[in-house]
Amino acid sequence: MSKLKPRERDAIVQALRAGVVPRLGLRHIQVGRAREIEEILRDMDRIAGGGASIRFIIGDYGSGKTFFMNLARLVALEKGMVVMFADLAPDRRLHATAGQARNLYAEMARNLATRTKPDGGALASVVERFVSQAHQEADDRDLSTTAVIREKLAHFEELTGGFDFAQVIRRYWEGHEAGDEDLKSAALRWLRGEFATRTDARKALGVRGIVDDASVYDHLKLMSEFVLAAGYKGLLVGWDEMVNLFKLNSAQARNANYEQVLRILNDVLQGSARHLGFLMGGTPEFLMNTRRGLYSYEALQSRLAANSFAREGLVDLSGPVIRLTNLTQEDLFVLLCNVRAVMQGDGETLPDEALEAFMAHCQERIGEAYFRTPRNTVTAFVNMLAVLEQNPGLVWTDLIAQLDLREDTGEDMADVDESTGGTPPEDDLASFRL
């Protein structure tokens, strides 16, 4: 294991105690998923080579979807890409008419990260890198920087919304050259999708368009072209908690969002997108439920159906869907050893016997779920180590007997009506009679 920095240790421990995925130091606790990671590496090479990729990361609650997506995010950063990740929520989705799609784009833009700024907030750095390179090239060719920027972004005018995008970058350079921080700030606000009206954008920047609900995907394609022009290898977009689309009560709203998913899927599979990758994380219900999930949209079901030959232990990871395999007991044991090493370092005091006893107790409490969906198991283990660390006289055998563990069932699905009989709630008028 590579040397663990104190900052990484604190981030890992705090995240695991809260039951969430740490943003730093994932390599110190990663186990299993070797074949899935190989596929992600191939995807990154495909994106860097000018292609496109889309993956649906499917797994049960607590099975490691978010962890895997964050691991893919770190791989992309190491490969020299820009990443834009965000969680979907009731006020953030792919298609909307009241600003929810623009909210999703704004969240992704705030989280935009590069290798040198992995924690997000890197949009200004990317723009600055582009204009600095353009300025250097202008000096080398004895041209004006504005002319070089116009030349580099000339092909943007062929893309939807590209003329305004290029104009905003030129306005940023004008602000940079004149020392006008307000103009630079306005340009960055436009790129982050923070202008709510076209009137405000025209007044601040002289452009007619903005990032709105209808143009989110178009702007992601523009951003992939822009980061490429700035010297990066491509753009990886990640959307977690896709189950929020499954939970929409309106069938019309769900289908509109699924149409956006289909549009992206078709663009990627048909080669219309370049240097652009997508990761979408969701549960098996989100994918396969034929009433509310992706499979309720026939065009998506036909494209995302499992390979009929991949049965009886056979796997096929070449399609758009990656179903995360369950961790084995051996994987979980290695994971607990890694967590122990992170928390206790070289001064390990908890023997392997304690790990085995802990796992046996979990088996008795919740059965196989303790290693198939290990989020609660790992959180309980971290809490136990924390108590042992802060109470030197305590014996681990006393704590294991007191451990209360419950299966992670995904309580945030409790508000979804999954009754299969009768008419769905959003379609009450389908059986209306006078």
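Residues numbered from 1 in each chain as written. Predicted model: local features only at pLDDT ≥ 70, side-chain atom pairs only at ≥ 80, totals over all residues. Heavy atoms only, no water.

An unreviewed UniProt entry annotates the chain as P-loop uncharacterized protein DUF2791 of Paracoccus versutus.

**Observations regarding the overall build of the chain**
To keep it simple, the criterion reads: Under the DSSP-based scheme used, a helix requires at least four consecutive residues in state H or I and a strand at least two consecutive residues in state E, with every element numbered from the N terminus. Between buried and exposed lies partly exposed: a residue is buried under 20% and exposed over 50% of the maximum accessible area for its type, with that area taken using a 1.4 Å probe on protein chains only. Contacts are assigned to residue pairs that have any heavy atoms within 4.5 Å of one another. Shrake-Rupley sampling with a 1.4 Å probe provides the accessible areas, and residues are treated as covered by the protein chains on show and by no other component.
Counting its regular elements, the chain contains 19 helices and five strands. For the chain, with 434 residues in total, the buried portion stands at 51%. The long-range fraction of contacts in the chain, counting pairs at least 24 apart against all pairs at least 6 apart in sequence, stands at 70%. For the chain, the computed accessible surface area is about 20,500 Å², with 48% contributed by carbon and sulfur atoms.

**Observations regarding the layout of surface pockets**
For clarity, the threshold we go by: The rule is simple: put a 1 Å grid over the protein atoms alone, call a set of points where a 1.4 Å probe fits but cannot get out a cavity, call an open set with protein on both sides within 12 Å along at least five of seven lines a pocket, and count a residue as lining if it has an atom within 4 Å of a point. Grid points are joined across faces, edges and corners, and a volume is the space filled by probe spheres set on the points. By the convention adopted, Pro, Cys, Tyr, Trp, Phe, Met, Ile, Leu, Val and Ala count as nonpolar, Lys, Arg, Asp and Glu as charged, and the other residues, Gly among them, as polar. Marked domain ranges trace back to an automatic or database domain assignment.
One number sums up the size of the largest pocket: a volume of about 990 Å³. Lining the largest pocket are 45 residues, and of these Val-20, Val-21, Lys-65, Thr-66 and Phe-67 sit closest to its centre. Those elements giving two or more residues to the lining of the largest pocket turn out to be α3 (65-78), β2 (82-87), β3 (235-240), β4 (276-282), α15 (329-344) and α18 (375-390). Take the lining of the largest pocket: its biggest share by element is eight residues, from α3. Residue composition of the lining of the largest pocket, grouped by class: 20 nonpolar, 14 polar and eleven charged. Taken together, domain 1 (26-323) and domain 2 (329-402) each give at least three residues to the lining of the largest pocket, which thus spans both.

**A few points about the packing of helix α7 (residues 162-178) against helix α8 (residues 181-191)**
What counts here: Here the axes come from fitting lines to C-alpha atoms, over the contacting stretch only for helices, and the angles between their N-to-C directions go from 0 to 180 degrees. Each angle is binned into one of four classes, with values under 35 degrees roughly parallel, values over 145 roughly antiparallel, values of 65 to 115 roughly perpendicular, and all other values oblique. Here a crossing is called left-handed whenever its near helix is offset anticlockwise from the far helix by less than a right angle, and right-handed whenever the offset is clockwise.
Where α7 meets α8, the axes come as close as 8 Å, and the angle between the chain directions of the two elements is 155°. As the angle between them shows, α7 and α8 are arranged roughly antiparallel. Seen from above, α7 lies across α8 with left-handed handedness. Along its contact with α7, which presents Asp-164, Phe-165, Val-168, Ile-169, Arg-171, Tyr-172, Glu-174, Gly-175 and His-176, the element α8 presents Leu-183, Lys-184, Ala-187, Leu-188, Trp-190 and Leu-191. For the contact of α7 with α8, a count of residues per class yields nine nonpolar, two polar and four charged.

**Here's the deal with the sheet that holds β3**
Operational definition: A pair of strands is treated as paired once DSSP finds two or more bridges between them.
Strand order in the open sheet made by the five strands is β2-β3-β4-β1-β5, with parallel pairing throughout. Taken across any chain shown, the strands that pair with only one partner, and hence form the sheet edges, are β2 and β5 (321-323). With direction set aside, neighbouring strand axes in the sheet form an average angle of 15°. Bridge count for β3 against β4 is five bridges, and the pairing is parallel. Bridging across to β4, Gly-238 finds its partner in Leu-279. Sitting on the sheet, helix α12 (residues 251-270) touches β1 (52-58), β3 and β4, and the angle it makes with β1 is about 135°.

**Description of the environment of Asp-240**
Within the element layout of this structure, Asp-240 appears in strand β3. The spacing of Asp-240 and Ala-86 is 154 residues in sequence and 6.5 Å in space, taken between C-alpha atoms. Dropping the residues within four chain positions of it, Asp-240 is found in contact with Thr-66, Met-69, Ala-86, Asp-87, Leu-88 and Gly-281.

**Regarding the nonpolar core**
Defined as follows: Here, nonpolar core refers to any group of buried Ala, Val, Leu, Ile, Met, Phe, Trp, Tyr and Cys residues whose side-chain atoms link them within 4.5 Å.
Counting 81 residues, the largest nonpolar core has Phe-56, Trp-190, Met-223, Phe-226, Trp-239 and Phe-278 as its most contacted members. Those residues in contact with Phe-56 that sit more than four places away from it in its chain are Val-261, Leu-265, Met-280, Leu-294, Leu-304, Pro-320, Val-321 and Ile-322. Counting residues in each nonpolar core, the second largest holds 34 residues, with Ile-12, Val-339, Met-359 and Val-378 among its members.

**Description of the packing of aromatic side chains**
Rule in force here: Geometry of aromatic contacts follows a simple scheme: Phe, Tyr and Trp rings, the Trp one being its six-membered ring, pair when their centres are within 6.5 Å, and the pair is stacked under 30 degrees between planes, edge-to-face over 60, tilted otherwise. To sit over a ring, a charge needs its Lys NZ or Arg CZ within 6 Å of the ring centre and within 35 degrees of the ring normal.
Within the structure shown, the criterion is met by eight aromatic pairs. With a centroid separation of 5.5 Å and an interplanar angle of 40°, the aromatic rings of Phe-156 and Phe-165 are classed as tilted. Geometry around Phe-246 places Arg-292 over its ring, the cationic atom sitting 5.7 Å from the centre.

**Here's the deal with the pattern of salt bridges**
Counted only if it meets this: Criterion for a salt bridge: a side-chain nitrogen of Lys or Arg within 4 Å of a carboxyl oxygen of Asp or Glu.
A full pass over the atoms with the stated rule returns 21 salt bridges. Each of Glu-39, Arg-42, Asp-43, Arg-46 and Arg-55 takes part in one network of salt bridges that share partners.

**Quick word on unusual backbone geometry**
The backbone phi angle of Asp-142 is positive, close to 60°, even though this residue is not glycine. Summarising the element assignment, Asp-142 is placed in the loop between α5 (123-141) and α6 (145-152). Asp-142 sits in the exposed class, given a relative accessible area of 70%. For His-275, which is not glycine, the phi torsion reads 50° and is therefore positive. Looking at His-275, the relative accessible area reads 9%, which means it is buried.

**Concerning the environment of Thr-379**
Under the convention used in this document: Counted as a polar contact is a pair of N or O atoms within 3.5 Å, where, for protein atoms, one must be capable of donating a hydrogen and the other of accepting one, and residues adjacent in sequence contribute only when both atoms are in side chains.
As for its position among the elements, Thr-379 is in helix α18. When its relative accessible area of 15% is taken as the criterion, Thr-379 is described as buried. For the pair Thr-379 and Val-20, spaced 359 residues apart in sequence, the C-alpha separation works out to 9.1 Å. Apart from residues no more than four positions distant in its own chain, Thr-379 is found in contact with Leu-16, Arg-17 and Gly-19. There is a polar contact of 3.1 Å between the side chain of Thr-379 and the backbone oxygen of Leu-16.

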